[in-house]
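Overview (structure and organization)
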Amino acid sequence: METYNIPALVKKILLSRGYKTEKSMVNFLYNSISSLSEPFFIPDLKKACEVLKEAILKKEKIFVYGDGDTDGICASFLLLNLLKVVNANFSFRLTHRLDEDYEIEDALIDELAEEEYSLLISVDCGISSYSALKKAREYGIKVIILDHHIGEPSKLQTFHIYVNPWLKKKWPEGTENLSGTGIVYKFIEGMGILLPGIKEAMAHNFVEVVALSIIADSLPLTGENRIFVKEGLHRMPFTKIKGLGYLIETQNIRQPLHPRDISMRIVSLLNSPGRLGKPDVALNLLMENDDHSIKKIIEEIAKIDRERYQMVAKAMGKIKKEELENGIVISEKISPGICGIIASRLAGNYCKPFMVGYLSSNFLKGSIRAPENYNLYENLKPIKKYMVSLGGHKEAMGFKCPVTHIPKIKSFWKDLKWKTGNKKQYYDCPLDIRDINPSIIEEVTNYLQPFGKGNPEPVFLCRNVSFTKISARNNGNNGPFWVKKDGAIYEAVFSSEHSFMPDKEKVDILYTPSVRRQNNLYRIVLKVKKIL
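What you are looking at is a predicted structure, and each value in this text was computed from that prediction instead of being measured. (Residues numbered from 1 in each chain as written. Predicted model: local features only at pLDDT ≥ 70, side-chain atom pairs only at ≥ 80, totals over all residues. Heavy atoms only, no water.)

1. Section: the sheet that holds strand β6 (residues 328-331)
In spatial order, the strands read β6-β7-β8-β10-β9; together these 5 strands make up an open sheet with mixed pairing. Across the chains shown, the open sheet's two edge strands, defined by having one partner strand only, are β6 and β9 (389-392). Neighbour-to-neighbour, the strand axes of this sheet turn through a mean angle of 15°, independent of strand direction. Pairing between β9 and strand β10 (residues 396-402): 4 bridges, direction antiparallel. Across the sheet, Leu-390 pairs through a bridge with Phe-399, a residue of β10. The sheet contacts of helix α15 (residues 339-350) involve β6, β7 (354-360) and β8 (363-369), and relative to β7 the element is tilted by about 155°. (Pairing = 2+ DSSP bridges. Helix = DSSP H or I, 4+ residues; strand = E, 2+ residues; numbered from the N terminus. Axes fitted to C-alpha atoms, helices over the stretch in contact; angles between N-to-C directions. Contact = heavy atoms within 4.5 Å.)

Okay, here's the thing in structure tokens:
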């Protein structure tokens with residue numbers, strides 16, 4: 001039996017995070033693509049694959065409908081690539097957020113019936129399209145929903161097939177938080193079992209797009225998500241997807257790649273076209289193989305992204321103080337595609353949920369975002385009676401309601417007593433600053449990364465340290481500072497929560513150490529999370 005060496009400090013961190021056995025620690029640290037669960041262990045996935053196989057063999061007309069964000073685009077790319085390889089009879093469309101809802105619209109079903117489509121496959125959306133699914137059943141159009149958003153099982157038509165971790169059927173351990181693209185990856189793996197000989201379409205050739213989708217949706221980096229992201233970050237610089245490769249090159253991101261780099265520099269660019277009603281531009285980047293065309297697409301994406309940036313800045317500048325206090329922003333001038341960005345920024349800046357909507361005809365449409373530990377789905381259940389549609393994730397939802405219900409929604413929001421998860425001040429284990437050095441810090445980082453939601457950077461406790469200002473000319477309490485304990489002294493950088501000098505001579509701190517290297521020199525910097 002193969003043995004694995006796990007450093008003592010890494011074991012302590014994993015133990016504090018719930019990995020109680022050696023086996024669970026080894027699985028977390030060393031699992032790879034070959035460790036992924038079998039696709040047909042996922043409820044109803046085999047049934048979905050069999051339906052698509054039959055449609056392909058019978059040359060039936062297949063329609064793919066995908067969300068217009070990064071996850072939906074990546075999921076659509078994987079599925080469309082498969083359908084091209086098997087020479088299926090198919091068409092596709094992405095959601096256009098300027099003039100459509102996030103879900104499948106009834107009008108699309110009418111259109112598909114008129115054009116005699118027999119199968120609709122919806123990726124990264126569709127689980128809350130109750131009316132459209134009912135209409136599809138009436139027309140005899142079979143629908144496969146490959147989606148990871150929260151839905152209501154009682155409202156779903158049993159005629160269709162739903163591959164969704166939020167339904168009551170138990171999914172394999174480690175797959176519960178897959179992205180829409182992750183689910184499509186499993187679906188294509190299943191198709192590879194039923195249709196042997198489609199190697200060039202196999203999902204394992206495109207693990208990096210699954211990693212992109214997970215990072216884009218800020219999903220937990222645990223279970224199979226960790227495997228996808230860890231492997232995907234390694235593959236991205238060498239990706240076979242020409243458009244993605246060019247895009248990464250243009251951003252001059254230093255290797256090794258980290259989730260934050262991808263989120264800030266790549267995902268934001270891929271999301272921008274969809275936010276302005278042009279999601280096909282981002283999908284074309286992934287599908288295109290001609291170098292000249294790829295460069296033109298990247299130029300177009302950069303232009304769209306600049307426009308998006310200006311729109312957000314303008315909208316943020318017009319938000320009123322009263323709206324910030326109430327947590328609801330409503331405007332006729334906010335573009336529908338940027339409601340999610342604005343709500344997310346406000347929720348992050350003010351540490352509370354925000355609803356941001358734009359008025360369109362007789363409806364208010366928009367997005368709701370919340371900080372971590374808020375469960376929007378549970379908290380907002382009573383508000384559903386005022387909504388035409390409300391769906392998404394625990395911390396991110398889209399909505400649509402009649403304007404006549406706005407006063408009721410405002411009243412509900414004002415009186416709502418938000419229930420949040422327990423957010424205690426967290427640290428992994430004690431680590432005295434006298435015991436740290438570059439080797440220890442980098443060893444821990446190398447074992448545990450990639451870091452993100454569900455797998456944050458380690459936080460340590462050190463007792464009885466003192467603070468000293470680095471510069472005598474610093475008159476305020478904003479630093480920079482030295483942190484001292486006996487002969488150990490390090491530069492301190494405060495987190496946003498604490499940026500002041502403690503008033504006691506000796507204090508306990510929660511901190512994360514990092515090593516900053518330049519020209520063969522290094523310095524250790526402590527990010528102080530909290531002064532106790």
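There is more to say, and it comes next.
2. What about the pattern of salt bridges?
What the rule picks out here adds up to 21 salt bridges. A network of salt bridges, in which partner residues are shared, links Asp-432, Arg-434, Lys-485 and Asp-486. (Salt bridge = Lys/Arg side-chain N within 4 Å of Asp/Glu carboxyl O.)

3. As for the sheet that holds strand β5 (residues 161-163)
Read across the open sheet, the 5 strands follow the order β2-β1-β3-β4-β5; overall the sheet is parallel. Of all the strands in the sheet, the pair left with one neighbour each is β2 (89-94) and β5. Adjacent strand axes in the sheet meet at a mean angle of 15°, parallel and antiparallel pairs treated alike. Both strand β1 (residues 61-66) and strand β3 (residues 119-123) contribute to a ladder of 5 bridges, which runs parallel. Across the sheet, the residue bridging to Val-64 is Ile-121, located in β3.

4. Side note on the side chain of His-393
Mapped onto the elements of the fold, His-393 is located in the loop between β9 and β10. Look at His-393 and you get buried, because its relative accessible area is 19%. The contact partners of His-393, leaving out residues within four places of it in the chain, are His-148, His-149, Ile-150, Asp-217 and Leu-376. (Buried < 20%, exposed > 50% of the residue type's maximum accessible area, 1.4 Å probe, protein only.)

That is the geometry; function is a separate question.
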